[in-house]
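What follows is each chain in one-letter form.
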Amino acid sequence: MTSKILTLAFAVTTMVAVPLAAHAEDAPRPRITVTGEGEAAAAPDTAILSLVVMQEKPTAREALTANNEAMAKVLDAMKKAGIAERDLQTSGFSIDPRYVYPENKDNTQPPKAPTIVGYAVSNSLTVRVRDVTKVGEIIDQSVTLGVNQGGNITFTNDKPETILEQARRNAVANAVARAKTLTDAAGVGLGRVIEINEQSFSPRPVAMAARGKMMAMDAAAPVPVAAGENTYNVNVNMTFELKN
């Protein structure tokens, strides 16, 4: 009876010792994490315009009719300029009353209610222009036909994948160079890559002419538009093992 108990105790002790030894061998090595920055630029091939027709009239019906007529002319002109229907999209519509608030000089309580003196109808149109050389011409023509408010021009690239790929390569090369500089200065070796994380940033919209200026424009003054270049930025965080 005593012999069996001693044998069992020895077997349990042996089983526990094996995973402890393996755990010591698998202990993680020292690591270093660095951030790499990369960018790549290209001329844009597409422009996205935000154009608004706003009409004010004494009644909502009159304002809507005037707005419809103006927007119909704008859409027709866009199609004649070669803009495909898939590149024209209504992005907003509103009907807002215009109020006059009477002065309450004698502090009458309750104060007099505001009076509706008219209505404003706004119709917003987003236009994708696939030939950036036509942007100035299209803005000119749209203002002549009724566009009197505007938002932004966004210059983009229809297929930015190739540009982003180059930015990624530049970011990784920058991260590796930084890691080598740090490890050389510390007197240690740079090991294999453990982890890579990426963050990419698209170009920001470029502001279009101010609203007041758009309302004052005429067809005789072409809109100068400079497309420039789009710069795409990529950041990568890379973690490396360190060698002794």
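Sequence order as written defines the numbering, with residues in each chain counted from 1. Restriction of local features to residues with pLDDT of at least 70 applies here, the model being predicted, together with a cutoff of 80 or more for giving and counting side-chain atom pairs; totals for whole chains, interfaces and linings are based on all residues. Side-chain numbers come from the whole structure's heavy atoms, not from hydrogens or water.

Engineer: Pulling in residues and values, what's your account of the overall build of the protein chain?
Structural biologist: Numbering of helices and strands starts at the N terminus; helices are DSSP runs of H or I of at least 4 residues and strands are runs of E of at least 2. Scanning the protein chain from N- to C-terminus turns up five helices and eight strands. Traced from its N-terminal end to its C-terminal end, the protein chain shows the element sequence α-β-β-α-β-β-α-β-α-β-β-α-β. For each residue, the accessible area found with a 1.4 Å probe, counting protein chains only, is set against the maximum for its type, and the residue is called buried under 20%, exposed over 50%, and partly exposed in between. Relative to its full complement of 244 residues, the protein chain shows a buried share of 31%. Contact criterion: two residues are considered in contact whenever any of their non-hydrogen atoms come within 4.5 Å of each other. Put simply, 86% of the contacts in the protein chain that link residues at least 6 apart link residues at least 24 apart. A total of about 15,700 Å² of accessible surface is found on the protein chain, and carbon and sulfur atoms cover 55% of it. Using a 1.4 Å probe, the Shrake-Rupley method yields the accessible areas, and only the shown protein chains count as cover for residues.

Engineer: Please set out the sheet that holds strand E1 (residues 31-42) residue by residue, giving values where relevant.
Structural biologist: The strand order across the open sheet built from three strands is E1-E8-E6, with neighbouring strands paired in antiparallel fashion. Each having just a single partner strand, E1 and strand E6 (189-201) make up the two edges of the open sheet. Ignoring which end each strand starts from, the neighbouring axes of this sheet average 25 degrees apart. Pairing between two strands is assigned when DSSP locates at least 2 bridges connecting them. Sheet topology note: the E6/strand E8 (residues 230-243) ladder contains ten bridges and is antiparallel. Bridged to Ile196 within E8 is Met238. Here, axes are lines fitted to C-alpha atoms. For helices the fit covers the stretch in contact, and angles between N-to-C directions go from 0 to 180 degrees. Those strands touched by helix H4 (residues 161-186) are E1, E6 and E8, and its axis lies near 145 degrees from that of E1.

Engineer: Report on the side chain of Asp87, specifying residues and quantitative values.
Structural biologist: With respect to the element layout, Asp87 can be found in the loop between helix H2 (60-80) and strand E3 (88-100). Overall, Asp87 belongs to the buried group, its relative accessible area being 7%. Excluding its chain neighbours within four sequence positions, the residues that come into contact with Asp87 are Thr126, Val127, Arg128 and Arg130.

Engineer: Talk me through the nonpolar core; I want residue IDs and the actual numbers.
Structural biologist: Of all hydrophobic cores here, the largest spans 21 residues; its most connected members are Leu49, Met78, Val127 and Val129. Within the residue set of this core, elements represented by two or more residues are strand E2 (46-57), H2, strand E4 (115-129), helix H3 (135-145) and strand E5 (149-156). Only buried residues count toward a nonpolar core. Its members are Ala, Val, Leu, Ile, Met, Phe, Trp, Tyr and Cys residues joined through side-chain atoms within 4.5 Å. Counting residues in each nonpolar core, the second largest holds 16 residues, with Ala40, Ile163, Ala175 and Leu242 among its members.

Engineer: I'd like a description of empty space enclosed by the protein, backed by residues and values.
Structural biologist: The gaps left among the atoms become clear once a water-sized probe is rolled over them. In this analysis the probe radius is 1.4 Å and the grid spacing 1 Å, with only protein atoms considered; a cavity is a set of points the probe fits into but cannot get out of, a pocket is an open set with protein on both sides within 12 Å along at least five of seven lines, and lining residues have an atom within 4 Å of a point. Grid points are joined across faces, edges and corners, and a volume is the space filled by probe spheres set on the points. Across all of its chains, the model carries one cavity of 30 Å³ or more by this definition. In this structure, the largest cavity is lined by Ala77, Met78, Ala81, Ile138, Gln141 and Ser142. Of all the elements in the fold, those that place two or more residues in the lining of the largest cavity are H2 and H3. At three residues, H3 tops the list of elements feeding residues into the lining of the largest cavity. Grouping the constituent residues of the lining of the largest cavity by class yields four nonpolar, two polar and no charged. Side-chain classes follow a simple rule in which Ala, Val, Leu, Ile, Met, Phe, Trp, Tyr, Cys and Pro form the nonpolar group, Asp, Glu, Lys and Arg form the charged group, and the remainder, Gly included, forms the polar group.

Engineer: So what about H3? Which residues, and what values?
Structural biologist: Among the residues of H3, those classed as buried are Val135, Gly136, Ile138, Ile139, Asp140, Ser142 and Val143. Looking one or two places after H3, you find Gly146, whose phi comes out positive at around 140 degrees.

Engineer: Explain the environment of Leu182 residue by residue, including any values.
Structural biologist: Looking at where Leu182 falls in the secondary structure, it is placed in helix H4. The partly exposed category is assigned to Leu182, whose relative accessible area is 47%. Taking the C-alpha atoms as reference, Leu182 lies 9.1 Å from Ile32; in sequence the two are 150 residues apart. The residues contacting Leu182, other than those within four sequence positions of it, are Ile32 and Val34.

Engineer: Hey, could you go over a nonpolar patch on the surface for me, with residue numbers and the actual values?
Structural biologist: Taken together, the side chains of Tyr99, Tyr101 and Ile116 define a hydrophobic patch exposed on the protein surface, amounting to about 340 Å² of accessible area. Its location among the elements puts Tyr101 in the loop between E3 and E4. Here the term patch refers to residues with relative accessible area over 30% and no salt bridge, with like charges joined within 9 Å and nonpolar side chains (Val, Leu, Ile, Met, Phe, Trp, Tyr) within 5 Å. Just to be clear on terms, a salt bridge is a Lys or Arg side-chain nitrogen sitting within 4 Å of an Asp or Glu carboxyl oxygen.

Engineer: Which residues make up the environment of Pro97, and what are the values?
Structural biologist: Examined against the element boundaries, Pro97 turns out to sit in strand E3. Residue classification places Pro97 among the partly exposed residues on the basis of a relative accessible area of 28%. Along the backbone, Pro97 and Glu56 are 41 residues apart, and their C-alpha atoms lie at a distance of 9.3 Å.

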